[in-house]
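Structural overview for review
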Amino acid sequence: MSIIVGNETKVVVQGITGYQGRYHSEAMKEFGTKVVAGTSPGKGGSEVNGVPVYESVSESVKERGANTSCIFVPAPFCKDAALEAIDAGIGTIVVITEHLPVLDAIHFINVGRAKGVTIIGPNCPGVASPGKAKVGILPNKIFARGDVGVVSKSGTLTYEIVNAITDGDHGQSTCVGIGGDRVTGTDFIDILSLFEKDRQTKKIVLVGEIGGTSEEEAAEFIKENVKKPVVAYIAGRTAPPGKRMGHAGAIIARGRGTAESKIKALEAAGVKVAKIPTDVPNLLEE
Amino acid sequence: MKLYEYMAKAVLSKHGIPVPAGFVISSPDQIRSVQGPVMIKAQVLIGGRGKAGGIKAADKVEDAKKAASQIIGMNIRGFVTKEVLVEKRLEIAKELYLGVTVDRSTRALLFMASAEGGMDIESVPEEKIMMLPVNPLIGYQPFHGRKIATFLGLPNDQSSQVASICERLYDLAMKEDAELAEINPLVVTKQGAVIAGDAKITIDSDALFRHKDYASLPEDLTPLEQKAKALDIAFVQLEGNIGVIANGAGLTMATLDSINMFGGKAGVFLDLGGTDDPEKVKSAVLLMAEAKPKVILLNIFGGITKCDTVAKGVIEANQARKIGVPFVARIKGVNEEAARDMLRNEGMIPASGLSEAAELASKESLGGA
């Protein structure tokens, strides 16, 4: 087993004719993902790397059995794309697009959650279950099949940590990048609860960062509900208060969202917290 | 993007929320007359201006001019006052707090209301603040306003004014893409009118593409910050002397944490976002050279681009700028070893892992003078 994406995943790439859509649909295929269709308004009937392009998501569902969408369309059109996917009956939507207006995200995330759709992102690197499927932009080469479930707010930092886990002779069951925006479709708790139930996952790695309180909430959840060992890394231990560190959420404001508070909460829940990313594999050994 | 008080009040007014009559000026001579008692308020994007002397009362034209001349040019916690708002002084009976903000945990716009307005909402005890999320699938309904007005415990005529302001404030947040719209204090006057005494509005910078009218607001940026912004590179100035270039906010912070482990301290850092575009890396190196750090640490985790291509850009930038400080570079991804050889031949210090890179850069920064 794995979570969110697996052997049954059939991907439609929304925005497949753009540079990112083109490049990453090919990379997803190389990973072993069934990329069954793409959409691009006005370009229906064409092909990208052998993948048929449709005018609408519903056509890709009807013609090709797509059940998962990967969205690359530019921010101004992203809400429309996500709502179209929800309306077409897509069950899992991975939104790669960044710089999305937060009210747009709030809108389609609420619609999706009410309809039982799993939305990952926006502004996320996606989901990968090595040996099965990848939906998103995570680099293929860093993964190895294994039993560590990884959930992270970050993009490139996720790659760094997955790479360290693989170099440390562990592999991953599934790696989920939930995205660093303030409002995301799926949070740590959603993913932790899936990992706890997943038979392939034996250990969990949580990668958080300063800002917000989702790591503290995750710690509470772990304490009550997660029996599998959890290792965490919180980025920004040395970040100064009041400076926004790139991600919309990554700011220590008015004394809240500090790394100390997150680390304390996680340690109180029995989580081993690494001081730097390269310590994560060592803590998995213990 | 934060709006100045006078702009925020114009936005409130546009959406039908009452504000005191007023005008903004940049020179005391622009005050020709005042109709009764006024307040002169520094227009700066930082709190605590009252305590700093940035708000003064005046009754006559001469007093108003004098107050304005004292406030214009005043440095308030690092922000120089360029303009003041001259507005009608309210006769305050009660100060409330009303705000709408984006809430992560409920994934909704959230109302915050308190009968104890006028002070920083963070210092009001939690039980005295009402938090009311508006489910986006339900949208704002009159019951939201009734709940808030009931919580505030106001007499009927004021309750209906507050409820109406709630509806308009929600509408404003939705239409203007405000991630924060805060009225503090929301004043109940001795005459029983409910008016916005102050206003803070932050427009979602990711939504500026559909609000061209806000996009041209001037910002106080240093020349380097301006260049970084034009390149869509996050620029943060810290205390230390290691210039860090990395791609992605999380990785940048992890790089800072790793440097710290080895005793180094980051100075300027540039976050390229999730990209490994060689052109952008090259621009960042050129920009970093201008910031003149003691050591440069480049940490790029590649996704799309091959490492040797990124290294080529770094070397070109280095040659163009003759940077002349120790340059530790770690580029991870395809063709790593070729990239390391290229960097070594250029006299740079290649590193293969994050810890190694952090250790090397820290050593360089601590050595020498």
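Quantities reported herein were computed from a predicted structural model and do not represent experimental measurements. (Residues numbered from 1 in each chain as written. Chains lettered and ligands numbered in written order. Predicted model: local features only at pLDDT ≥ 70, side-chain atom pairs only at ≥ 80, totals over all residues.)

Further remarks concern the overall build of chain B. Scanning chain B from N- to C-terminus turns up 11 helices and 18 strands. Over its C-alpha trace chain B gives a radius of gyration of 26 Å, far above what one expects of a compact globule, namely 21 Å for 369 residues. (Helix = DSSP H or I, 4+ residues; strand = E, 2+ residues; numbered from the N terminus. Rg over C-alpha atoms; globule rule 2.2 N^0.38 Å.)

What follows covers the sheet that holds strand β14 (residues 242–246) of chain B. Residue and element names in this part refer to chain B. Pairing within the open sheet is mixed, and its 6 strands lie in the order β13-β15-β14-β16-β17-β18. Here the strands that pair on one side only, and so sit at the sheet edges, are β13 (234–236) and β18 (349–350). Summarising the sheet, β13 and strand β15 (residues 266–271) pair through 3 bridges and their orientation is antiparallel. Of the residues in β15, the one forming a bridge with F235 is L270. Sheet contacts for helix α9 (residues 307–321): β16 (295–301) and β17 (327–332); angle to β17, the most-contacted strand, approximately 160°. (Pairing = 2+ DSSP bridges. Contact = placed C-beta atoms within 7 Å. Axes fitted to C-alpha atoms, helices over the stretch in contact; angles between N-to-C directions.)

This next bit is on the domain arrangement of chain B. In terms of domains, chain B is made up of domain 1 (21–88), domain 2 (92–215) and domain 3 (223–366). Each of domain 2 of chain B and domain 3 of chain B has a C-alpha centre, and the two are 44 Å apart. (Domains from an automatic or database assignment.)

It is worth spelling out the interface of chain A and chain B at this point. Contacts between the two partners involve 44 residues from chain A, matched on the other side by 39 residues from chain B. Looking at the side of chain A that touches chain B, the elements that each hand over two or more residues are α4 (102–114) and α5 (156–167) of chain A. At 8 residues, α4 of chain A tops the list of elements feeding residues into the side of chain A that touches chain B.

Okay, the pairing of strand β11 (residues 172–177) of chain A next. All names here are of chain A. Counting buried residues in β11 gives 6 out of 6 residues, a clear majority hidden from the surface. Sheet topology note: the strand β8 (residues 126–129)/β11 ladder contains 3 bridges and is antiparallel. Residue pairing across strands places A128 opposite C175, the latter belonging to β11. Note: strand β10 (residues 145–152) against β11, 5 bridges, orientation parallel. Looking at the pairing, V151 lines up with V176 of β11. (Buried ≥ 20, exposed ≤ 12 C-beta atoms within 10 Å, placed from the backbone.)

Now for the pairing of strand β10 (residues 178–189) of chain B. All names here are of chain B. Of all 12 residues in β10, 10 are buried; the element is thus mostly enclosed. Pairing of strand β7 (residues 92–103) with β10 involves 8 bridges; the strand directions are antiparallel. Bridging across to β10, K94 finds its partner in V188. Pairing analysis gives 4 bridges linking β10 to strand β12 (residues 200–203), with the strands arranged antiparallel. Its bridge partner lying in β12, A181 is registered against I201. Examined bridge by bridge, β10 and strand β11 (residues 194–196) share 3 bridges and lie antiparallel to one another.

Let's shift gears to the sheet that holds strand β3 (residues 55–58) of chain B. Residue and element names in this part refer to chain B. Read across the sheet, 4 strands follow the order β1-β6-β2-β3 without closing on themselves; strand pairing throughout is antiparallel. Both edges of this open sheet fall to β1 (22–25) and β3, since each of them pairs with a single strand only. Pairs of neighbouring strands in the sheet enclose a mean axial angle of 20°, with direction left out of account. With 4 bridges connecting them, strand β2 (residues 38–42) and β3 associate as antiparallel partners. Across the sheet, K41 pairs through a bridge with I55, a residue of β3.

This brings us to the domain arrangement of chain A. Residues and elements named next belong to chain A. With domains assigned, chain A is organised as domain 1 (10–120) and domain 2 (139–285). Each of domain 1 and domain 2 has a C-alpha centre, and these two points are 26 Å apart. Opposite the 11 residues of domain 1 that make contact, domain 2 presents 8 residues. The set of elements that each furnish at least two residues to the side of domain 1 that touches domain 2 consists of α1 (19–31), α4 and β7 (118–120). The leading source of residues in the side of domain 1 that touches domain 2 is α4, at 5 residues. In terms of residue class, the side of domain 1 that touches domain 2 is made up of 8 nonpolar, 2 polar and 1 charged. (Nonpolar A, V, L, I, M, F, W, Y, C, P; charged D, E, K, R; others polar.)

Residues and elements named next belong to chain A. By secondary structure assignment, the location of P281 is in helix α9 (residues 280–285). On the basis of neighbour count, P281 is assigned to the buried category, with 21 C-beta atoms found within 10 Å. With 24 residues separating them in the primary sequence, P281 and G257 have C-alpha atoms 26 Å apart.

In this model, chain B carries an average pLDDT of 91, and 98% of its residues clear a pLDDT of 70 or more. On the interface metric, ipTM, the complex scores 0.91, and its pTM is 0.93. (pLDDT = per-residue confidence, 0-100.)

Looking now at the packing of helix α3 (residues 142–152) of chain B against helix α4 (residues 156–176) of chain B. In a packed pair of helices, the relevant descriptors are the angle between the two axes and the axis-to-axis distance. Residue and element names in this part refer to chain B. As a packed pair, α3 and α4 sit with axes 8 Å apart at the nearest point and diverge in direction by 130°. It follows that α3 is oblique to α4 by the angle criterion. By crossing handedness, the relation of α3 to α4 is classed as right-handed. Of α4, the residues touching α3 (which contributes P142, H144, G145, R146, I148, A149 and L152) are S159, V162, A163, C166 and E167. A class-by-class count of the residues in the contact of α3 with α4 yields 7 nonpolar, 3 polar and 2 charged. (Parallel < 35°, antiparallel > 145°, perpendicular 65-115°, else oblique. Left-handed = near helix turned anticlockwise from the far one by under 90°.)

Residues and elements named next belong to chain A. Where helix α6 (residues 188–197) contacts helix α7 (residues 214–225), the two axes come as close as 9 Å, and the packing angle between them is 30°. Viewed along their axes, α6 and α7 adopt a mutual orientation that is roughly parallel. Here α6 and α7 pass one another in a crossing that is right-handed. Seen from α6, the contacting residues are F188, I189, L192, S193 and E196; seen from α7, they are S214, E217, A218, F221, I222 and N225. Considered class by class, the residues forming the contact of α6 with α7 number 6 nonpolar, 3 polar and 2 charged.

On to the environment of K9 of chain B. Residues and elements named next belong to chain B. Note on placement: K9 falls in helix α1 (residues 5–14). The class for K9 is buried, based on 25 C-beta atoms found within 10 Å. In sequence terms K9 and A207 are 198 residues apart; their C-alpha atoms lie 20 Å from each other. Ignoring anything within four residues of it in the chain, the contact list for K9 reads V19, A196 and A199.

The next subject is helix α7 (residues 249–261) of chain B. Residue and element names in this part refer to chain B. Spanning 13 residues, α7 covers 19 Å between terminal C-alpha atoms, matching the ideal 18 Å at 1.5 Å per step. Of all 13 residues in α7, 11 are buried; the element is thus mostly enclosed. The first or second residue beyond α7 is G263, which carries a positive phi of 85°. (Expected span 1.5 Å × (residues − 1).)

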